Amino acid sequence: MTHTYRLWYLLSGLLSVVVTTSLAQKVTQITSEECGTPTPSKEAIETAERAIVQLKQAMTNSIPPSVVNIPIKAHIIRRSNGTGGLNEATLNAAITAMNTNYQPVNLQFFLCNGVHYIDSDALFDCDVDTENAQLVLNNVNDALNIYFANTLTAGSSALNGIAAFPSGVASQNRIILYNGAVSNGSTLPHEVGHYFNLYHTHETAIANELVTRGSGANCTSAGDLLCDTPADPCCYFYNASNCTYTGTAVDANGQTYSPLINNLMSYYTTCRTQFTSGQYNRMGDGYTYRLSLMQSSGAYVYNCSSVAIAAPTNVSVTPATSCTSNSLITWTDNSTNENGFIVERSTSPTTGFVAIAAVAANTTSTSTTDPAPLAGLQAYYRVVAANSKAAPSATVAVTSANLVCYCQPGATNCSLGDQISNFTLKSSTSTLINNSSTCGANGFSDFTAISATVTAGTAYTLVVTNPGQYPEGFTVWIDANQDKTFDASEIVFQSATTTQQAVQQGTFVLPVDMLAGQTRLRIRQRDDSSGGVPTSPCASYGYGETEDYTLVIPAAAVASTASGNWSSGSTWATNQVPTLTDDVTINPPHTVTLPTGYTGKAKKLKLQGNVTFQTDSKLQIGQ
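Residues numbered from 1 in each chain as written. Predicted model: local features only at pLDDT ≥ 70, side-chain atom pairs only at ≥ 80, totals over all residues. Heavy atoms only, no water.

An unreviewed UniProt entry lists the protein chain under the name Fibronectin type-III domain-containing protein, with Spirosoma agri as the source organism.

Trainee: Explain the overall build of the protein chain to me, please; I cannot follow it from the model alone.
Mentor: Within the protein chain, the regular secondary structure consists of seven helices and 36 strands. When the backbone C-alpha atoms are referred to their principal axes, the protein chain occupies close to 105 × 60 × 40 Å. Split into buried and exposed, the 623 residues of the protein chain put 50% on the buried side. For the protein chain, the proportion of contacts with a sequence separation of at least 24, taken over those separated by at least 6, is 66%. A distance of 5 Å separates the average location of the 27 positive side-chain charges in the protein chain from that of its 41 negative side-chain charges. (Helix = DSSP H or I, 4+ residues; strand = E, 2+ residues; numbered from the N terminus. Buried < 20%, exposed > 50% of the residue type's maximum accessible area, 1.4 Å probe, protein only. Contact = heavy atoms within 4.5 Å. Lys, Arg positive; Asp, Glu negative; His and termini not counted. Charge placed at Lys NZ, Arg CZ, Asp CG, Glu CD.)

Trainee: Sorry, what's going on with the state of the cysteines here?
Mentor: Two cysteines joined by a covalent bond between their sulfur atoms form a disulfide. For the structure shown, the criterion picks out six disulfides. The disulfide partner of C112 is C304, and the gap between their sulfur atoms is 1.6 Å. Disulfide C112 to C304: torsion about the S-S bond roughly 85°, handedness right-handed. In this pair, C112 sits in strand β4 (residues 107-119) while C304 sits in the loop between α7 (277-297) and β13 (313-318), placing the two residues 192 residues apart along the sequence. Given a relative accessible area of 1%, C112 falls into the buried group. Through a disulfide, C414 is tied to C439; the S-S separation comes to 1.9 Å. Residues C414 and C439 share a disulfide whose torsion about the S-S bond is about 85°; that sign makes it right-handed. Of this pair, C414 sits in the loop between β19 (396-399) and β20 (422-426) while C439 is found in the loop between β21 (431-436) and β22 (444-453), placing the two residues 25 residues apart along the sequence. Looking at C414, the relative accessible area reads 1%, which means it is buried. Given a relative accessible area of 31%, C439 falls into the partly exposed group. We note that C35 lacks a disulfide partner, and the nearest cysteine sulfur, in C235, lies 11 Å from it. Here C126 is not disulfide-linked; the sulfur of C35 is the nearest cysteine sulfur, at 15 Å. (Disulfide = S-S within 2.5 Å.)

Trainee: Help me understand unusual backbone geometry, please; the structure alone is not making it clear to me.
Mentor: Excluding glycine, residues mostly have negative phi values, and the peptide bonds linking residues are mostly trans. The residue after C234, namely C235, is reached through a cis peptide bond having omega -10°. Among the secondary structure elements, C235 is positioned in the loop between α6 (187-195) and β11 (238-239). With an omega of 0°, the peptide bond between P588 and P589 qualifies as cis. Checked against the element boundaries, P589 lands in the loop between β31 (583-586) and β32 (591-594). Locating C234 in the fold gives a position in the loop between α6 and β11. We classify C234 as buried; its relative accessible area is 9%. Backbone geometry at N362 places phi at a positive 65°, although glycine is not the residue there. Turning to its location among the elements, N362 is positioned in the loop between β16 (354-359) and β17 (365-368). We classify N362 as exposed; its relative accessible area is 61%.

Trainee: Looking at this model, I keep getting lost on α7. Mind explaining?
Mentor: Taking 1.5 Å of rise per residue, the 21 residues of α7 would be expected to cover 30 Å, and the 30 Å separating its terminal C-alpha atoms lies within 8% of that figure. Immediately beyond the C-terminal end of α7, within one or two residues, lies G298, with a positive phi of roughly 70°. (Expected span 1.5 Å × (residues − 1).)

Trainee: Which parts of the structure should I look at to understand the sheet that holds strand β29 (residues 557-559)?
Mentor: Backbone-to-backbone hydrogen bonds pair the strands of a sheet. The strands run either parallel or antiparallel. Taken together, three strands build an open sheet; the order of strands is β29-β31-β34 and the sheet is parallel. Here the strands that pair on one side only, and so sit at the sheet edges, are β29 and β34 (604-607). Pairwise comparison of adjacent strand axes, ignoring direction, gives a mean angle of 20° for this sheet. (Pairing = 2+ DSSP bridges. Axes fitted to C-alpha atoms, helices over the stretch in contact; angles between N-to-C directions.)

Trainee: When you look at the confidence of the model for the protein chain in this model, what are you seeing that I'm missing?
Mentor: Caution is warranted with low-pLDDT regions, since their predicted coordinates should not be read in detail. Here the protein chain shows a mean pLDDT of 88. Residues at 70 or above account for 93%. Low pLDDT (under 50) marks residues 1-32, which in the prediction has 95 contacts with non-local residues, meaning those over four places away or in another chain. (pLDDT = per-residue confidence, 0-100.)

Trainee: Would you mind going over the environment of G82 with me for this structure?
Mentor: Mapped onto the secondary structure, G82 falls in the loop between β3 (68-78) and α3 (88-102). Using a relative accessible area of 25% as the deciding quantity, one classes G82 as partly exposed. Along the chain, G82 and I176 lie 94 residues apart, while their C-alpha atoms are 19 Å from each other.

Trainee: How should empty space enclosed by the protein be read in this particular structure?
Mentor: Empty pockets left among the atoms are what a rolling probe the size of a water molecule brings to light. This model, assessed by the stated rule, comprises one cavity of 30 Å³ or more. Empty space within the largest cavity amounts to approximately 30 Å³. Looking at the largest cavity, the residues that line it are A94, A97, M98, V182, G185, S186, L188 and P189. Put simply, the parts of the chain that give the lining of the largest cavity at least two residues each are α3 and α6. The element that contributes the greatest number of residues to the lining of the largest cavity is α3, accounting for three residues. In the lining of the largest cavity, the residues fall into six nonpolar, two polar and no charged. (1 Å grid on protein atoms, 1.4 Å probe; cavity = no way out; pocket = protein on both sides within 12 Å on 5 of 7 lines; lining within 4 Å. Points joined across faces, edges and corners; volume = space filled by probe spheres on them. Nonpolar A, V, L, I, M, F, W, Y, C, P; charged D, E, K, R; others polar.)

Have a look at this one:
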């Protein structure tokens, strides 16, 4: 299942799909998906079309008058140990084949300064819903970035590729491909088509296209906005062995569709071989439009150079000293033509470096949370210019502070109706927390400044409110032993299943053996398409949100139940010997004895009975 915002391309892009819900709901079964490129909104499309019309007023031809060579920076993702990943021969063959497709529009592509390898188990099988932000930290800003992943998904939907329509934003200067689709001859030119403003032949974002090209035709304002690509109902009824259309679907006027199933922007995957003249002209316009956006933003260019950028020097790393502080990385900028800088980190001094931050040109420092802190371990940092040919700085070895911190929840998408809009915690007599909120950055909101005082062994009710658009489930953890981890045994409530219900609630009893002091409550909500009820307190997933709160457990008085030795658990109601965190009460008529050489401990002492001291014994009160 997947979210409504992707229906622009999901409903037009599924190779096999069964839809049993309305458009405002979710696709309920997906077996395969061709393309993950999200179509811009109708308003964004109209804005782009107006801008292109203005640009064309100064042009004599949509197609560049001479060959334009566009550099590609290939990023091949391998496992952390350097194994796996796309074969370079396959990559080169795919670029060569694509150049044949793009000759008529005078666009040609070349591999710029070799391949960049990303050795990361976390990115090897890439879920763009949760890992795109981490991936694009590796973007160079002088070439088209194309990433090659072992598998490519968007939540539970398998993809062959994903691109971005023309934009001046550096993070949108990227295409991601599934390795298994690189050599099929059609996915790479298809995604590059999107990159230069081509829509699917079955597009419906503005309006459904009619079959007619005569009176009443709407091909310039519907579908893919082109009239030499016949209206396409997408994507099923065709004979793959001889590439003939076998469908009988009709348009709003009752005319039978007759799509071009050999078109590269269609979803007739095994038959795709060519673009039309109209598509070539539109890509030429798209190239010009993207250039104008690039020039306006200054965020990236196409100027891959064989001259290496001077490496930064004097890299210094000040690791975070607390769970809420950032690591500070500084360096000396020795170049005048870098396109930004990338900070990389590894557990090895020579291999396995992964980008953890990216900054603009002429920057000489950055403060970063380090997405995967290496507490107490030695890590290696380096800085490299965001150019296709750039030498990294010397590595700097740093031993991180031996911090024990709560895990930062993995990224989730809560912007499409999967946010926790209110969290309420109630006792039998009062409301302890009532917090309304919007979607947090990367699906996480740290509300630990909001606290509630609770009592061990007591029942509480929690109420979770969400927009009610999709089936959601939630799980609540409380760190009872205050070890900064959320163990499976510390789940105090978990939904039985996902439910499309705006308000959900549950009741739980706090463990009687909870430690006194401050601890953390974590609630995670996840939708059905991302795997249902959450099971991990830390992992990334497609859709949902995480919120953290503080609980305060007052120290309970440890009271004597009989006369006896201070060092004996049987003397005390808890059957445990008091510590410096305990308030101690000695009830009458009890006499508690500190044995020879023994030191008794208590945070506070309320003496209503008697205490006796044997030789060399003592009582420590307070910290």
